[in-house]
Structures are given as C-alpha cells and as structure tokens.
Amino acid sequence: MTHSSETGVDWRRIGNWLGLCILVLVVGVFVVAAVPQAVGADESYVVLSSSMSPTIDAGAVVFVSSVPTDQVSEGDVVTYDRSPGGENTRVTHRVVDVVERDGQRRFETQGDANEDPDPSLVAPNDVIGIVTFSVPYVGYVISFSQTKLGLLTLVIVPALLLVVLELRDLLSATAGDEP
C-alpha cells in the first residue's frame, strides 16, 4: 500500500480519483459541446475571431438557445446566419439597437471589440438564438480535431496505442500460462 505511514493517507488512491474526476470533467465539456441539448441549449458554435473580446474570446464554444425574435433586445449577444454566396457563416455579436424597417424588427449588431457596428442589419429569420453561456479554449481542440492531423492525433494514435497495449497484456498472460 502506498500511503504515508504518519498520516495514513493513501496518496495513490487520491491521485487516481482526482485524475478520474479531471478526465470526466474534460470529456464532459466536449460531450456537452457536441450535444448542447444536455445543458438546455439548442446549438453550439466555435468562435473563430476575437470580435467579442474580452466577453468571448476566439477559441471559445458558445451555447445558443433559440428564442422568439420579439424577445431579443438591446444588449443580448446573439448568433446569426450571415450567408454570403450561399455559405453558412455564423456570427456572434451583441445587439446594440433594435430598429423597425419595412414593418419588421431588425437588429443592429456589433462585436464588443469592434469600433463600428456591423455593416448591415440582421433580419429576424437570420437570428439563430441568444448566447446563454460560453466555455473558453474548448473550440481550439474541436477545430483541431476536425483536421487530418487532429484526427490522427486524437483518434487514430490513441486507438492504436490501446490495441498495442491490449495485445501486450494478452501475450504476457499467455506466456505466463505456459510451463
């Protein structure tokens, strides 16, 4: 048993439990980013720029909840679809003004780090939802995992390592059975 004879504390067991708790926490964050409904959000997105710094930095994951656009008000941070050329481009900015145009509410948005508001107003049907919370840095890992190197580093290498370790254990157990 590996514990201090003076205190009777099993530091190895405490270290194992602490390591397990940290692992569960880290994996849990990535699971929640993949399944935002687990925390009551409808969508999650990786923030790619620092336009919302210091409130939301690049590399964060934002969790967005759908709300009726008549509930969106000045000061809310929203994610909306800005699709130039048919590409889905999501933008997360703060609503700085709600205006009435053509009988419809529209939203003037601006990144917290930007000096000027966004060039065009956001139509209600482009609003995906309100940002309910964000988790910093997780987006960097998610973005990396979507690259070939990330897939290799985070999935294939650990899977191969697991197979090699299991084969080693199997072979050593088999070698131990022989006379």
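These numbers were taken from a predicted model, which means no experiment stands behind them. (Residues numbered from 1 in each chain as written. Predicted model: local features only at pLDDT ≥ 70, side-chain atom pairs only at ≥ 80, totals over all residues. Heavy atoms only, no water.)

Time to look at the layout of surface pockets. Volume-wise, the largest pocket comes out at about 270 Å³. Lining of the largest pocket is provided by Tyr-45, Val-46, Val-47, Leu-48, Ser-49, Ser-51, Arg-82, Arg-90, Val-91, Thr-92 and His-93. Every element with two or more residues in the lining of the largest pocket is listed here: strand S1 (43-46) and strand S4 (90-101). It is S4 that provides the largest number of residues to the lining of the largest pocket, a total of 4 residues. Here the lining of the largest pocket is composed, by residue class, of 5 nonpolar, 4 polar and 2 charged. (1 Å grid on protein atoms, 1.4 Å probe; cavity = no way out; pocket = protein on both sides within 12 Å on 5 of 7 lines; lining within 4 Å. Points joined across faces, edges and corners; volume = space filled by probe spheres on them. Helix = DSSP H or I, 4+ residues; strand = E, 2+ residues; numbered from the N terminus. Nonpolar A, V, L, I, M, F, W, Y, C, P; charged D, E, K, R; others polar.)

Okay, the pairing of strand S2 (residues 61-65) next. Burial of S2 is extensive: 5 of the 5 residues sit out of reach of the surface. Of the two faces of S2, the one carrying Val-61, Phe-63 and Ser-65 and the one carrying Val-62 and Val-64 are both buried. Examined bridge by bridge, S1 and S2 share 4 bridges and lie antiparallel to one another. Directly across from Tyr-45, in S2, lies its bridge partner Val-62. Examined bridge by bridge, S2 and strand S6 (residues 127-135) share 5 bridges and lie antiparallel to one another. When the bridges of S6 are listed, Ser-65 appears paired with Ile-130. (Buried < 20%, exposed > 50% of the residue type's maximum accessible area, 1.4 Å probe, protein only. Pairing = 2+ DSSP bridges.)

Scanning the entire structure with this criterion turns up 1 aromatic pair. Here the aromatic rings of Phe-63 and Phe-133 are separated by 4.5 Å at their centres, their planes lie at 15 degrees, and the arrangement is stacked. With a gap of 70 residues between them, Phe-63 in strand S2 and Phe-133 in strand S6 connect regions that are remote in the sequence. Residue Phe-63 is classed as buried on the basis of its relative accessible area of 1%. Residue Phe-133 is classed as partly exposed on the basis of its relative accessible area of 33%. (Phe/Tyr/Trp six-rings, centres within 6.5 Å; stacked < 30°, edge-to-face > 60°.)

Ranked by size, the top nonpolar core spans 10 residues in total: Tyr-45, Val-47, Met-52, Ile-56, Ala-60, Val-62, Val-64, Val-77, Ile-128 and Val-131. At the level of elements, S2 and S6 are the ones that each hand at least two residues to this core. Sequence-distant contacts of Ile-128, defined by excluding residues within four places in its chain, comprise Glu-43, Tyr-45, Val-64, Ser-66, Thr-79, Tyr-80, Asp-81 and Arg-90. In terms of nonpolar packing, the next biggest core, distinct from the first, is built from 9 residues, Val-78, Tyr-80, Val-127 and Ile-130 among them. (Core = buried A, V, L, I, M, F, W, Y, C linked by side-chain atoms within 4.5 Å. Contact = heavy atoms within 4.5 Å.)

The next subject is the pattern of salt bridges. Counted under the stated rule, the structure contains 3 salt bridges. A salt bridge links Asp-169 to Arg-168; the nearest nitrogen and oxygen atoms lie 3.2 Å apart. With relative accessibility at 37%, the residue Asp-169 sits in the partly exposed group. (Salt bridge = Lys/Arg side-chain N within 4 Å of Asp/Glu carboxyl O.)

By themselves these figures say nothing about function.
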